[in-house]
Amino acid sequence: MPYQYKRKPLSDKETCHLTRSPIKKIFLITGLPGVGKTTLVKKLSDKLKHFHPAGFYTEEIREEGQRKGFELISLDGKRGLLSHKDIKSPHRVGKYKVDIKGFEDFLDGIPFLSPSIHLIVIDEIGKMECLSDQFKNLLKKIFDSEKLVIATIALKGSGLIAEIKERPDIELFEMTKHNRDSLFLEILKGTDISS
């Protein structure tokens, strides 16, 4: 009987260069407000620049030392308003009124699904953002794509927030003040580029 060579199947890591896109991974970061999720996402997107990231992060709008709302900032520096206490809008989360039209116009300016983009950064998937049907549809397209995704997600929430956390293709990290430094390296390692 002739010898038959048996080789184990190639892993995703061994074959990812054939598709010219990173291995499909969705990393979600959750945790209490103020623990450092946005800072972590910004550090990761900077470290992973060679993936040509697109996306946005959210920052507080502070006036006279008090939080008045939230501003959107794209990775290429464009700005938009997500919410504010003093705007007119029928959409509300807590004490903040949400500018859904402004949010959707802001999203239209980001090339999430462009073939040249291999990393999508979203800060955050929260109650305010999920008031937008356009955002929810965009999330489904992004998560079903072959792109690497790093996103923050609300610690609590039902509907789409809970559904996303149940997807079998995500890795969910809960950030605390004790693990915030190690999460950076852990997520980088998961993208297979840290070595």
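A few points on the structure. (Residues numbered from 1 in each chain as written. Predicted model: local features only at pLDDT ≥ 70, side-chain atom pairs only at ≥ 80, totals over all residues. Heavy atoms only, no water.)

1. Digging into the environment of Glu-63
Take Glu-63: it is sitting in strand β2 (residues 53-63). Those residues within four positions of Glu-63 in sequence are excluded, and the remaining contacts are Lys-68 and His-84. Within polar-contact distance, the side chain of Glu-63 engages the side chain of His-84 at 3.2 Å. (Helix = DSSP H or I, 4+ residues; strand = E, 2+ residues; numbered from the N terminus. Contact = heavy atoms within 4.5 Å. Polar contact = N/O pair within 3.5 Å; in protein donor to acceptor, adjacent residues only side chain to side chain.)

2. So, the layout of surface pockets
Of the volumes computed, that of the largest pocket is approximately 830 Å³. If you go around the largest pocket, you meet 28 residues; those closest to its centre are Pro-33, Lys-37, Arg-67, Phe-70 and Glu-124. Mapped by element, the contributors of at least two residues to the lining of the largest pocket are α2 (37-47), β2, β3 (66-74) and β7 (119-125). For the lining of the largest pocket, the class distribution of residues is 11 nonpolar, 8 polar and 9 charged. (1 Å grid on protein atoms, 1.4 Å probe; cavity = no way out; pocket = protein on both sides within 12 Å on 5 of 7 lines; lining within 4 Å. Points joined across faces, edges and corners; volume = space filled by probe spheres on them. Nonpolar A, V, L, I, M, F, W, Y, C, P; charged D, E, K, R; others polar.)

3. Considering the environment of Phe-135
If you trace the backbone, Phe-135 turns up in helix α4 (residues 133-143). As a C-alpha pair, Phe-135 and Leu-107 span 28 residues in sequence and 7.8 Å in three-dimensional space. If near-sequence neighbours (up to four positions away) are discounted, Phe-135 is found in contact with Phe-56, Phe-103, Leu-107, Ile-122, Glu-124, Ile-125, Glu-129 and Cys-130.

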